Amino acid sequence: MIQLRNAQYSDADAIAHLHAAGWRDTYGNVMSSDFLENHAQNERFSHWQSLLNQSNRDVAVFVAENEENIEGFICVMLKKDAQWGAYIDSLHVSSALRGQGAGKKLLHHAAEWVCSEDAKSPLYLWVFEDNVRATNYYQRLGGVITEHTVTDMPSSDNAPVFRISWNNAVQLVMSTR
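Residues numbered from 1 in each chain as written. Predicted model: local features only at pLDDT ≥ 70, side-chain atom pairs only at ≥ 80, totals over all residues. Heavy atoms only, no water.

Novice: What exactly am I supposed to notice about the overall build of the chain here?
Specialist: Within the chain, the regular secondary structure consists of 6 helices and 7 strands. Along the chain, helices and strands appear, N-terminal first, in the series β-α-α-α-β-β-β-α-β-α-β-β-α. In summary, the chain has a C-alpha radius of gyration of 15 Å against a globular reference of 16 Å for 177 residues, a match within 12%. For the chain, the spread of C-alpha atoms along the principal axes amounts to about 40 × 35 × 30 Å. The buried share of the chain, taken over its 177 residues, is 47%. Taking contacts inside the chain between residues at least 6 apart in sequence as the whole, the part at least 24 apart equals 65%. As presented, the chain carries roughly 9,200 Å² of accessible surface, and 44% of it is formed by carbon and sulfur atoms. Once the 14 positive and 21 negative side-chain charges of the chain are each reduced to a mean point, those two points are 8 Å apart. (Helix = DSSP H or I, 4+ residues; strand = E, 2+ residues; numbered from the N terminus. Rg over C-alpha atoms; globule rule 2.2 N^0.38 Å. Buried < 20%, exposed > 50% of the residue type's maximum accessible area, 1.4 Å probe, protein only. Contact = heavy atoms within 4.5 Å. Areas by Shrake-Rupley, 256 points an atom, 1.4 Å probe, with all protein chains shown as cover. Lys, Arg positive; Asp, Glu negative; His and termini not counted. Charge placed at Lys NZ, Arg CZ, Asp CG, Glu CD.)

Here's what the structure looks like:
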């Protein structure tokens, strides 16, 4: 049974491991193999340690646990962009739980949190153009491709990305029921 909870500082290693594994599984054609194999784990660990050590009301990280193991997480940032609103920074689910509703539960929970803080806030995320499965998934949940550009993410060689957005958090809550 998948349980959601707020992430804690002590979750940084498990989140980093899941994040780096997700990148390796999904972005082998987009990110440098040297980075994915030799640097992603440590880079993500530093990132998550830093983020989870901060006290910021405008950032929420939630984890999905299955039998006390972290199998997914989402990070959302309120008011990240004046036009586009809250930013879904990361959504990753372990390969073992992919397709079993964990991502949808995490999106729903994050959208509910955004609603509790600012129900009128739009939401957005970036997804690599190469990640067709995720793009299709977000579109099935009502997300609309509103921009096509290239990423400035390190080790991704300016890969093309889509901005996918929702008009407001309520829209995402409703589509993830």
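Novice: Is there a simple way to think about the nonpolar core in this case?
Specialist: Grouped burial of nonpolar side chains is what soluble globular proteins tend to show. Core analysis: the largest hydrophobic core is formed by 31 residues, its most contacted members being Ile88 and Tyr138. When residues of this core are traced back to their parent elements, those giving at least two are strand E2 (59-66), strand E3 (69-81), strand E4 (85-93), helix H4 (102-118), strand E5 (123-128), helix H5 (132-140), strand E7 (160-166) and helix H6 (169-175). With 7 residues, the top contributor of residues to this core is H4. When near neighbours in sequence (up to four residues on either side) are disregarded, isoleucine 88 contacts Ile74, Cys75, Val76, Leu107, Leu123, Tyr124, Leu125, Trp166 and Leu172. Judged by nonpolar contacts, the second largest core, of 17 residues, contains Ile15, Leu51, Cys75 and Tyr87. (Core = buried A, V, L, I, M, F, W, Y, C linked by side-chain atoms within 4.5 Å.)

Novice: Hey, could you run me through the sheet that holds E4 in this one?
Specialist: As a general point, the strands of a sheet are linked pairwise by backbone hydrogen bonds and lie either parallel or antiparallel. With mixed pairing, the 7 strands of this open sheet are ordered in space as E1-E2-E3-E4-E5-E7-E6. Two strands in the sheet have a free side with no partner beyond their single neighbour: strand E1 (2-6) and strand E6 (144-150). Averaged over all neighbouring strand pairs, the angle between strand axes comes to 25 degrees, with direction disregarded. Pairing of E2 with E3 involves 8 bridges; the strand directions are antiparallel. The partner of valine 63 across the bridge, within E3, is phenylalanine 73. Those strands touched by H4 are E1, E2, E3, E4 and E5, and its axis lies near 35 degrees from that of E3. Contacts between H5 and the sheet are confined to E4, E5, E6 and E7, with E5 contributing the most and set at about 155 degrees to the helix. (Pairing = 2+ DSSP bridges. Axes fitted to C-alpha atoms, helices over the stretch in contact; angles between N-to-C directions.)

Novice: Any chance you could explain the packing of helix H1 (residues 12-26) against helix H3 (residues 40-53) here in plain terms?
Specialist: Each packed pair of helices is defined by two parameters, the angle between the axes and the distance between the axes. The contact between H1 and H3 brings their axes to 8 Å, and the two run at 135 degrees. The pairing of H1 with H3 is recorded here as oblique in orientation. The interaxial crossing formed by H1 with H3 has right-handed handedness. Side by side, H1 and H3 meet where Ala12, Asp13, Ile15, Ala16, His17, His19, Ala20 and Trp23 of the first sit next to Ala40, Gln41, Glu43, Arg44, Phe45, Trp48, Gln49 and Leu52 of the second. For the contact of H1 with H3, the class distribution of residues is 9 nonpolar, 4 polar and 3 charged. (Parallel < 35°, antiparallel > 145°, perpendicular 65-115°, else oblique. Left-handed = near helix turned anticlockwise from the far one by under 90°. Nonpolar A, V, L, I, M, F, W, Y, C, P; charged D, E, K, R; others polar.)

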